[in-house]
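Close look at the chain arrangement
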Amino acid sequence: MPVHPLTSLSSTVLALRRAGCVFAEDEARLLHEAAASAGELSSLVERRAAGLPLEHVLGWADFHGRRFAVDTGVFVPRRRTEFLVARAAALAPRRAVVVDLCCGSGALGVALAAAADTAELHACDVEPAAVRCARRNVGDLGHVYEGDLFAPLPATLRGRVDVLLANVPYVPTDDVELLPAEARVHEPRVALDGGGDGLDVMRRVAAEAPQWLAPGGSLLVEASERQRDTAVEVLHAAGLSPRVLVSEELYATVLVGTIQVAAVAAVAEATVPAAEQPGNSPGPDPAAAPNPPAQD
């Protein structure tokens, strides 16, 4: 119900329709509820009609049954990604250690923490605006770091991560210009552009994931239907056991790459210096012998 009797809901709907908003009625109701005055309502409608994403106008996004703060310039969590969170919750063990890479607003990690028995939540993003927003949403539930993929994570997480969420960009570079203006203009390109075939960032994440996953831990990523076969190859090449999960209702494709115990052992062995591996007792090191006395 509109809160401003002098500015009718129908006139707001008309303004949004003229601007090309497909869900004008629903959006009009949300804008009326959000505005504290007729002047503020006018400002909100003007920003939305100019093409700003509704979530940026409102300052929040509805995701997995919760409202998350979404600041201007921060990637808006998509409804289809709720399928990724649901699958992650089904896989998460008790007292799970969760990492949310490319976290954006932090919505995925927080939603998973609410849906599963999570002991630790760590999230990170390369975009400073996203990190600020995620810290507001995550609050006391976990830690948020700024940096590229795994780089800012504490080394103590290596080999301990039960669920690794990676909502990586997967739009091929040549297709970014075909995206709706709401995404193309108002969301950071780094959150959209996945490189030549759209899977460049996924390859980087998959290659390093085995060093961070606990035995039986899983990496979950989203991709398009046409990318699924290549994405399966990416996970397999990284030493992960891949599965493809599809939601026709949400038009979502999720790939799960699970690390097996043997693979974890191999990764651990590869990271131990050769001299410390069983059967490699080092002999005397000639280079460590005392230097002969200098001759006058």
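Treat the numbers as computed from the prediction; the structure is a model and nothing was measured.

**Let's talk about the packing of helix α1 (residues 9–18) against helix α2 (residues 24–34)**
Relative placement of two packed helices is described by the angle separating their axes and the distance separating the axes. Here α1 crosses α2 at 125°, and the two axes come no closer than 9 Å. By the angle class used here, α1 and α2 are oblique. Between α1 and α2 lies a crossing whose hand is right-handed. Taken together, the residues of α2 that come into contact with α1 (itself represented by Leu-9, Thr-12, Val-13, Leu-16 and Arg-17) are Ala-24, Glu-25, Glu-27, Ala-28, Arg-29, Leu-31 and His-32. Classifying every residue of the contact of α1 with α2 gives 6 nonpolar, 2 polar and 4 charged.

**Let's talk about the side chain of Asn-167**
Topologically, Asn-167 is positioned in the loop between β6 (161–166) and α8 (181–186). Apart from residues no more than four positions distant in its own chain, Asn-167 is found in contact with Phe-75, Thr-81, Leu-101, Cys-102, Leu-108 and Glu-222.

**Brief notes about the sheet that holds β6**
Pairing is mixed in the open sheet, where 7 strands are placed in the order β5-β4-β3-β6-β7-β9-β8. Every interior strand has two partners, whereas the edge strands, β5 (143–146) and β8 (241–247), have only one. Pairs of neighbouring strands in the sheet enclose a mean axial angle of 20°, with direction left out of account. Sheet topology note: the β6/strand β7 (residues 213–223) ladder contains 5 bridges and is parallel. Paired with Leu-164 across the bridge in β7 is Leu-219. Contacts from helix α6 (residues 107–115) reach β3 (96–101), β4 (118–125) and β6 within the one sheet, and its direction differs from that of β4 by about 175°. Sheet strands touched by helix α7 (residues 128–138): β4 and β5. Its angle to β5, the strand with the most contacts, is close to 175°.

**Topic: the environment of Ser-37**
Inspection of the secondary structure assignment puts Ser-37 in the loop between α2 and α3 (38–49). The exposure class of Ser-37 is partly exposed, given its relative accessible area of 33%. There is a polar contact of 3.1 Å between the side chain of Ser-37 and the backbone nitrogen of Glu-40.

**Examining the packing of aromatic side chains**
As enumerated under the stated definition, the model contains 2 aromatic pairs in all. With a centroid separation of 5.5 Å and 15° between ring planes, the pair formed by Phe-150 and Trp-212 is classed as stacked. In this pair, Phe-150 sits in the loop between β5 and β6 while Trp-212 sits in helix α9 (residues 200–212), placing the two residues 62 residues apart along the sequence. The burial state of Phe-150 is the same as that of Trp-212; both residues are buried. Here the guanidinium or amino end of Arg-67 rests over the ring plane of Trp-60, the centre of that ring lying 3.6 Å away.

**Thoughts on the packing of helix α5 (residues 82–91) against α6**
Across the interface, α5 lies against α6 with an axial gap of 9 Å and an inter-helix angle of 40°. As the angle between them shows, α5 and α6 are arranged oblique. Both α5 and α6 take part in a crossing whose hand is right-handed. Between α5 and α6, the residues in contact are Leu-84, Val-85, Ala-88 and Ala-89 and Leu-108, Ala-111, Leu-112 and Ala-115, respectively.

**Digging into the confidence of the model for the chain**
Per-residue confidence for the chain gives a mean pLDDT of 87, with 85% of residues at or over 70. Overall, residues 281–296 carries pLDDT values under 50, and its contacts beyond four positions in sequence, including any with other chains, amount to 1 contact.

**With respect to α1**
Among the residues making up α1, those that are buried are Thr-12, Val-13 and Leu-16. Here the buried residues of α1 occupy an arc of 100° about the axis, which is enough to place them on one side. Away from the buried face of α1 by more than 90 degrees, exposed residues Ser-10 and Arg-18 are located. Tucked inside the fold, the buried residues of α1 contact α2 and α3.

**Re the environment of Ala-114**
Secondary-structure assignment places Ala-114 in helix α6. A sequence separation of 50 residues divides Ala-114 from His-64, and the C-alpha atoms of the two residues are 9.7 Å apart.

**With respect to the nonpolar core**
Of all hydrophobic cores here, the largest spans 30 residues; its most connected members are Leu-101, Phe-150, Leu-153, Leu-164, Met-202, Val-205 and Leu-219. Counting only elements with at least two residues in this core, the list comes to β3, β6, α9, β7 and α10 (228–237). With 6 residues, α9 is the largest single contributor of residues to this core. In this structure Met-202 touches Val-168, Val-221, Glu-222, Ala-223, Ala-231 and Val-234, once residues within four positions along its chain are discounted.

Rules of the game
Residues numbered from 1 in each chain as written. Predicted model: local features only at pLDDT ≥ 70, side-chain atom pairs only at ≥ 80, totals over all residues. Heavy atoms only, no water. Axes fitted to C-alpha atoms, helices over the stretch in contact; angles between N-to-C directions. Helix = DSSP H or I, 4+ residues; strand = E, 2+ residues; numbered from the N terminus. Parallel < 35°, antiparallel > 145°, perpendicular 65-115°, else oblique. Left-handed = near helix turned anticlockwise from the far one by under 90°. Contact = heavy atoms within 4.5 Å. Nonpolar A, V, L, I, M, F, W, Y, C, P; charged D, E, K, R; others polar. Pairing = 2+ DSSP bridges. Buried < 20%, exposed > 50% of the residue type's maximum accessible area, 1.4 Å probe, protein only. Polar contact = N/O pair within 3.5 Å; in protein donor to acceptor, adjacent residues only side chain to side chain. Phe/Tyr/Trp six-rings, centres within 6.5 Å; stacked < 30°, edge-to-face > 60°. Lys NZ or Arg CZ within 6 Å of the ring centre and 35° of its normal. pLDDT = per-residue confidence, 0-100. Arc of directions from axis to C-beta. Core = buried A, V, L, I, M, F, W, Y, C linked by side-chain atoms within 4.5 Å.

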